[in-house]
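Reading the structure
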Amino acid sequence: MANMKIFSGISPPPLLARLLRPTRSEEPAALRAFLRRQAAFVAQKTVLDYCRVKAGRQEQRVMADPDFRAALRHCRWQVFLPALADVTALIEAWLRPHAEGREPVLAAALVRLHVEALAAEPVPPEEVEAAEAALRALPGHLAALQLEPPWPAHRLPLLAEAPLFATLPVHPDQRRGEAPAIRGALRFHIVSTQQEMERAFAPAALAGRLLATAAVPEPAG
């Protein structure tokens, strides 16, 4: 214990500190995987946690009901699609200071990344129309966000909020007064996504890679 007191106030040497610090990625491919994973997490965690709390001791019976499972699947997809756009918008706001003067190029690169992330998910036939509509709306959404200073995670307007309330497989009469808690859970997971992104990526280098990728012309078909 005495030795611990002696060394407790000593910081590691700079070289050792650098070696112990996790390496932050600057790879667009890693960002694409992060985008897909976090959007799925935001949607699934927000929806499932609420439904499990509402089901309580009847969780196994409720979750086994075919009609409920179908409604739950629909809800998760309806929330995942805008959550993917929300995480893309979160990334755009974080990287924009490193793309000064080239903001539209950054947005175009992130739209491309978004399309690739969604392409990795097998969209059910009944959700294809919603997925296509979400993709069509994304460029305009990012362009509108770029008319204002970057939104912080705790204030970013969330596209996922309206579909979440519209499709939750719990009747509105059974969730009276619970809107703030539902909305707060969604926001919490978005803020957590921001924190994960800050730990995982080097923003300046990543923005540079994305801008360079966006400048590369598409291969001739």
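For the structure, check the block above.
Just so we're clear, the structure is a prediction, and the values are computed from it rather than from any experiment.

So, about the packing of aromatic side chains. Considering all chains together, one arrives at two aromatic pairs under this definition. Between phenylalanine 34 and phenylalanine 201 the ring centres are 5.5 Å apart and the planes differ by 75°, which places this aromatic pair in the edge-to-face class. On the criterion of sequence distance, the pair formed by phenylalanine 34 in helix α3 (residues 28-55) and phenylalanine 201 in the loop between α9 (179-200) and α10 (203-215) is long-range, its members being 167 residues apart. Under the relative-accessibility criterion, phenylalanine 201 is labelled buried at 3%. For the pair tryptophan 77 and phenylalanine 80, a centre-to-centre distance of 5.5 Å together with 85° between the ring planes defines the contact as edge-to-face. A residue pair is termed a helical-turn pair when its members lie 3 or 4 positions apart in one helix, as tryptophan 77 and phenylalanine 80 do in helix α5 (residues 66-95) at three residues. Neither residue differs from the other here; tryptophan 77 and phenylalanine 80 are each classed as buried.

Attention now goes to the state of the cysteines. With the rule as written, the count across this model stands at zero disulfides. With no disulfide of its own, cysteine 51 lies closest to cysteine 75 among cysteine sulfurs, the gap being 6.5 Å. Relative accessible area serves as the criterion here: at 3%, cysteine 51 is assigned to the buried category. On the accessibility criterion, cysteine 75 (0% relative accessible area) is buried.

Residues Leu31 and Leu210 are the most contacted members of the largest nonpolar core, which totals 59 residues. Of all the elements in the fold, those that place two or more residues in this core are α3, α4 (59-64), α5, α6 (103-119), α7 (128-145), α8 (161-167), α9 and α10. No other element matches the 16 residues that α5 contributes to this core.

A word on the layout of surface pockets. Taken as a whole, the largest pocket spans an internal volume of roughly 220 Å³. Along its surface, the largest pocket is lined by Ala40, Ala43, Gln44, Arg73, Arg76, Trp77, Phe80, Glu121, Pro122 and Pro124. Mapped by element, the contributors of at least two residues to the lining of the largest pocket are α3 and α5. It is α5 that provides the largest number of residues to the lining of the largest pocket, a total of four residues. Among the residues making up the lining of the largest pocket, the classes are represented as six nonpolar, one polar and three charged.

The next thing to look at is the side chain of threonine 46. If you trace the backbone, threonine 46 turns up in helix α3. A polar side-chain atom of threonine 46 sits 2.6 Å from the main-chain carbonyl oxygen of valine 42.

Definitions and cut-offs
Residues numbered from 1 in each chain as written. Predicted model: local features only at pLDDT ≥ 70, side-chain atom pairs only at ≥ 80, totals over all residues. Heavy atoms only, no water. Phe/Tyr/Trp six-rings, centres within 6.5 Å; stacked < 30°, edge-to-face > 60°. Helix = DSSP H or I, 4+ residues; strand = E, 2+ residues; numbered from the N terminus. Buried < 20%, exposed > 50% of the residue type's maximum accessible area, 1.4 Å probe, protein only. Disulfide = S-S within 2.5 Å. Core = buried A, V, L, I, M, F, W, Y, C linked by side-chain atoms within 4.5 Å. 1 Å grid on protein atoms, 1.4 Å probe; cavity = no way out; pocket = protein on both sides within 12 Å on 5 of 7 lines; lining within 4 Å. Points joined across faces, edges and corners; volume = space filled by probe spheres on them. Nonpolar A, V, L, I, M, F, W, Y, C, P; charged D, E, K, R; others polar. Polar contact = N/O pair within 3.5 Å; in protein donor to acceptor, adjacent residues only side chain to side chain.

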